[in-house]
Amino acid sequence: MEKLINLIIRKLGKNNYSMDDHIGSYSLFIILRHKLFDAIRGLWCRIFLKHSVGLLFVGKRCKLSHKHLIRLGRTVTIEDSVEINALSKQGVTIGDNVTIKKNTIIECTGVIRELGEGIRIGNQVGISQNCFIQVRGFVEIGSNVIFGPNVSIFSSNHIFDDPKIPIMNQGESRKGVIIEDDVWLGSGCIILDGVKIGKGSIVAAGSVVNKEVLPYTIVGGIPAIPIKERS
């Protein structure tokens, strides 16, 4: 049974992934039963999507709004209580072998007077529990990116130049956010509008990133500063 499960996992596109030998038969039954129900929900959800290939697993209590603006690759897992509001100019594009864990929110538009630009997520991306991605400017996330729990991304900033005008009436700037391939975002870090995080970089847990991170750099702190180079 274990060999069969590992074969199926590889067929789904996860070539370097295999089941732990310590998983017992009853635990495996529970996992497979859970996956079966998620796959059934995914089949129903696919009917309404703009584009979807391969398997889609959708957990309980998920809220996917404006499904006609969502494009999915192969083997996408959306766990319980995830919310995706895809209403935006370019919609939501998610690549192959992407997992979005429980309670994560991807919000493309807050108010309909000005739609968000959209978001593109690459292949082999893992987004942990309770993450929040605010999509106003365009958000681009590369491949092989790891999100720790409670990561937040903000792709807009309020304008507050004139103290005589309420901040909410001064509009927003939207530069967008770029996270390149092979980046690890540590638990609880915050990525602000206009930031580009270079390939192979690491953001330490709890950091606030407000400026560009060069490739293969480890940053940390509030605001985040370079700690060391990986190369």
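Caption draft 1: Focus on the sheet that holds strand β4 (residues 70–72). If you trace the 7 strands from one edge of the open sheet to the other, you get β1-β4-β7-β10-β13-β18-β21, paired in parallel fashion. The open sheet is flanked by β1 (51–52) and β21 (196–197), the only strands paired with a single partner. The pairing of β4 with strand β7 (residues 92–94) spans 3 bridges and is parallel. Pairing of Ile-70 across the sheet is with Val-92, part of β7.

Caption draft 2: Quick look at the layout of surface pockets. Estimates place the volume of the second largest pocket at around 290 Å³. Lining the second largest pocket we find 14 residues, and of these Val-111, Arg-113, His-158, Glu-172 and Arg-174 sit closest to its centre. Among the residues forming the lining of the second largest pocket, the class breakdown is 2 nonpolar, 7 polar and 5 charged.

Caption draft 3: Spotlight on the sheet that holds strand β25 (residues 225–229). Strand order in the open sheet formed by 9 strands is β2-β5-β8-β11-β14-β19-β22-β24-β25, and the pairing between neighbours is mixed. Each of the sheet's edge strands pairs with one partner strand only, and the pair in question is β2 (56–58) and β25. Those strands touched by helix α2 (residues 25–46) are β2 and β5 (76–78), and its axis lies near 105° from that of β2.

Caption draft 4: Examining the state of the cysteines more closely. Under the criterion given, the structure shown has 0 disulfides. No disulfide involves Cys-45; its nearest neighbouring cysteine sulfur is the one of Cys-62, lying 8.4 Å away. Judged by its relative accessible area of 5%, Cys-45 is buried. Free of any disulfide, Cys-108 has its nearest cysteine sulfur in Cys-45, 15 Å distant.

Caption draft 5: Layout of the side chain of Ser-201. Relative to the helices and strands, Ser-201 resides in the loop between β21 and β22 (202–203). With relative accessibility at 0%, the residue Ser-201 sits in the buried group. Of the polar contacts made by the side chain of Ser-201, one reaches the backbone nitrogen of Tyr-216; its length is 3.3 Å. Among the polar contacts made by the side chain of Ser-201, one reaches the main-chain amide nitrogen of Thr-217 at a distance of 3.3 Å. Beyond its immediate stretch of four places on either side in the chain, Ser-201 contacts Asp-182, Val-183, Trp-184, Val-213, Leu-214, Pro-215, Tyr-216 and Thr-217.

Caption draft 6: Here's a closer look at the environment of Arg-136. Assignment of secondary structure puts Arg-136 in the loop between β12 (132–134) and β13 (139–141). Residue Arg-136 is classed as buried on the basis of its relative accessible area, which comes to 9%. Measuring from C-alpha to C-alpha, the distance between Arg-136 and Thr-109 comes to 6.5 Å, with 27 residues separating the pair along the chain. Of the polar contacts made by the side chain of Arg-136, one reaches the side chain of Glu-107; its length is 2.7 Å.

Conventions and cut-offs
Residues numbered from 1 in each chain as written. Predicted model: local features only at pLDDT ≥ 70, side-chain atom pairs only at ≥ 80, totals over all residues. Heavy atoms only, no water. Pairing = 2+ DSSP bridges. Helix = DSSP H or I, 4+ residues; strand = E, 2+ residues; numbered from the N terminus. 1 Å grid on protein atoms, 1.4 Å probe; cavity = no way out; pocket = protein on both sides within 12 Å on 5 of 7 lines; lining within 4 Å. Points joined across faces, edges and corners; volume = space filled by probe spheres on them. Nonpolar A, V, L, I, M, F, W, Y, C, P; charged D, E, K, R; others polar. Contact = heavy atoms within 4.5 Å. Axes fitted to C-alpha atoms, helices over the stretch in contact; angles between N-to-C directions. Disulfide = S-S within 2.5 Å. Buried < 20%, exposed > 50% of the residue type's maximum accessible area, 1.4 Å probe, protein only. Polar contact = N/O pair within 3.5 Å; in protein donor to acceptor, adjacent residues only side chain to side chain.

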